[in-house]
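A closer look at the structure
The lines below spell out each chain.
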Amino acid sequence: MPATRALLLLVVLLFSARVSACCMVPLNFPGDVDQAQQQVLVMHRDGHQEMVIRVAPVFKGGGDGPLYMTWVLTVPSMPTGYREATQETLRAGADFHEQMFTLARRQWQARTRFLFSELLPTLSSAGGAPKLAELNVGPTVRVGSYTITPVQAVGSGALEALNTWLRQNGFPTEDPGHMKYFVDNNFTFLCIYVTPPSGKTLGSSAELPPLQVGFDCPEPYYPGKFSSRQGDFSLDLTVVTDKPLEMDALRARIAQLNAYSGGRVELCNLWSVQPLPEQILAAMDGRINANAGRWYVNRLVSRGFNPLGKDGQPAIASWNEDIFFPLGNHTDELPGFWYYGDEDIWFGERFFREHALAFMVLSGITLFSVLFWRSRRNRARNAKPKSPAAG
């Protein structure tokens with residue numbers, strides 16, 4: 001397809017009447033599309049991210065579904081590569097977290113019990129003709145069921161130029177407010193054609209393979225903001241990093257995504273010193289598959305975080321920015337006196353880790369009691385009347 005025609009088609013798809021969501025149906029399709037679920041695995045190290053994402057679109061009012069679908073996925077920079085991933089890769093991320101979560105629970109249960117669980121972090125669950133130079137269009141790539149073209153709007157007038165161009169050519173335009181954040185922050189829009197095998201439709205609910213995208217990003221990123229009009233979809237997000245996530249920001253993201261915990265205590269920044277599971281290693285780019293010393297894993301599971309508010313607007317519409325996870329440091333790790341991850345330690349060290357807190361507390365209580373007793377005894381001795389001196 002000639003470059004001019006490809007650009008025209010991509011922009012039309014991106015700014016079609018239904019572009020207010022990240023999944024879109026053709027203009028001649030009588031129905032619409034929502035999402036039922038997103039499954040995401042984020043792998044981040046040294047400013048580079050590999051993201052595996054699977055969306056589950058549900059088509060409404062269109063019989064057997066459309067012949068194809070478009071999907072717009074936002075990323076903070078131009079991608080470095082794509083591949084079609086497998087459901088096993090997504091499952092490996094969730095299983096990795098479950099393995100470390102089980103270890104942490106066991107170690108938490110094995111510690112000496114006290115009634116001050118606050119020691120562990122707990123979390124509730126322009127005029128003129130538009131210039132095409134303001135569009136930075138990357139090469140189109142075919143990856144399995146996906147045909148991907150990255151489009152980046154460059155410059156403060158890019159959005160107006162795009163809408164002006166569309167209007168002059170008789171195409172619907174997009175609400176500038178919906179795109180402003182992404183244009184202002186130089187995001188790249190991945191314009192994706194999703195096509196079933198020849199002669200088939202996507203069905204009423206498409207079973208799509210996961211898509212993996214690599215890109216440079218200083219902090220782990222989840223593309224949630226552009227999905228504001230996709231319904232109140234559920235989310236299963238696993239984040240694997242070489243540094244712990246900053247806890248205050250993580251708490252805010254958990255609340256924002258309405259993530260829930262499997263128990264009374266939420267265990268975050270679980271770390272492993274063992275090699276990553278093979279499925280995860282196979283999915284990682286060569287720049288981030290070296291030994292990190294420790295790998296941290298967090299999982300956010302939400303039944304839905306985009307309900308309609310009293311004003312009739314979806315919750316995501318009120319977000320001022322997309323979902324980034326700032327990285328932290330050792331102060332954001334779980335307490336080392338009881339948590340040792342999957343390290344192979346001997347019995348003595350394990351006993352000390354499990355009961356060190358109890359030993360310190362009991363020692364403190366004993367010392368305080370002894371000092372209190374001696375003080376009372378000295379006061380009692382000093383209060384005794386002294387015997388008259390012998391004459």
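Residues numbered from 1 in each chain as written. Predicted model: local features only at pLDDT ≥ 70, side-chain atom pairs only at ≥ 80, totals over all residues. Heavy atoms only, no water.

Quick look at the packing of aromatic side chains
Where we set the bar: Only Phe, Tyr and Trp rings are paired, with Trp represented by its six-membered ring, and only when their centres lie within 6.5 Å; those with planes under 30 degrees apart are stacked, over 60 edge-to-face, the remainder tilted. Sitting over a ring, as applied to charges here, requires NZ of Lys or CZ of Arg to be within 6 Å of the ring centre and within 35 degrees of the ring normal.
Counted according to the given criterion, the structure contains 13 aromatic pairs. The positively charged end of R294 is found above the aromatic ring belonging to W271, 3.7 Å away from the centroid. Above the ring of Y260, the side-chain terminus of R303 is found at 4.0 Å from the ring centroid.

Regarding the pairing of strand β10 (residues 211–216)
What counts, and what does not: Partly exposed residues are those whose accessible area sits between 20% and 50% of the maximum for their type, while under 20% is buried and over 50% is exposed, using a 1.4 Å probe and protein chains only. Helix and strand labels come from DSSP, where a helix needs a run of H or I of at least four residues and a strand needs a run of E of at least two; each type is numbered from the N terminus. Two strands qualify as a pair provided that DSSP identifies no fewer than 2 bridges between them.
Counting buried positions along β10 yields five of six residues, so the element is predominantly enclosed. Bridging between strand β3 (residues 48–60) and β10 involves six bridges; their strand directions are antiparallel. Residue pairing for β10: V52 is matched across the bridge by Q212. Across four bridges, the pairing between strand β5 (residues 81–84) and β10 is antiparallel. Considered in β10, the bridge of E84 is made with L211.

Digging into the side chain of T147
Put simply, the rule is: What qualifies as a polar contact is a pair of N or O atoms within 3.5 Å, subject to a donor-acceptor requirement within protein and to the restriction that residues adjacent in sequence count only when both atoms come from side chains. Any pair of residues with heavy atoms lying within 4.5 Å of one another is described as a contacting pair.
Mapped onto the fold, T147 is located in strand β8 (residues 146–153). Engagement of the side chain of T147 in a polar contact is seen with the side chain of R142, the distance being 3.4 Å. In this structure T147 touches T140, V141, R142, C191, I192 and Y193, once residues within four positions along its chain are discounted.

With respect to helix α4 (residues 176–184)
Taken residue by residue, α4 has H178, M179, Y181, F182 and V183 as its buried positions. Backbone geometry just after α4 places N186 at a positive phi near 60°.

Looking at the nonpolar core
As a reminder, the rule being used: By convention a nonpolar core is built from buried Ala, Val, Leu, Ile, Met, Phe, Trp, Tyr and Cys residues, the set being connected through side-chain atoms within 4.5 Å.
Of all hydrophobic cores here, the largest spans 56 residues; its most connected members are W71, I192, Y222, L237, L257 and F325. Take this core: its biggest share by element is five residues, from strand β4 (residues 69–75). If we skip the residues at most four places from it in the chain, L237 touches V40, V42, Y222, L257, N298, R299, L300 and F325. By size, the runner-up hydrophobic cluster in this structure holds 24 residues, among which are L90, L270, V297 and L334.

Concerning the sheet that holds strand β12 (residues 234–241)
Note the following rule: Note on geometry: axes are C-alpha line fits, over the in-contact stretch for helices, and angles between N-to-C directions span 0 to 180 degrees.
Spatially, the seven strands line up as an open sheet ordered β5-β10-β3-β2-β12-β14-β13, and their pairing is mixed. Among the strands making up the open sheet, the edge pair consists of β5 and β13 (270–272). Strand-to-strand twist in this sheet, taken as the mean axis angle between neighbours without regard to direction, amounts to 20°.

Let's talk about the side chain of Q39
Residue placement: Q39 occurs in strand β2 (residues 32–45). A polar contact is formed between the side chain of Q39 and the side chain of Q87, at a distance of 3.2 Å.

Some thoughts on the confidence of the model for the protein chain
For clarity, the cut-off: For every residue, the pLDDT score states the predictor's confidence, bounded by 0 at the bottom and 100 at the top.
Confidence in the prediction for the protein chain averages 74 pLDDT; 62% of positions are at 70 or higher. The model gives residues 1–21 a pLDDT under 50, and that stretch makes 57 contacts with residues more than four places away or in other chains. pLDDT under 50 marks residues 113–133. Its contacts with residues more than four places away, or in other chains, come to 40 contacts.

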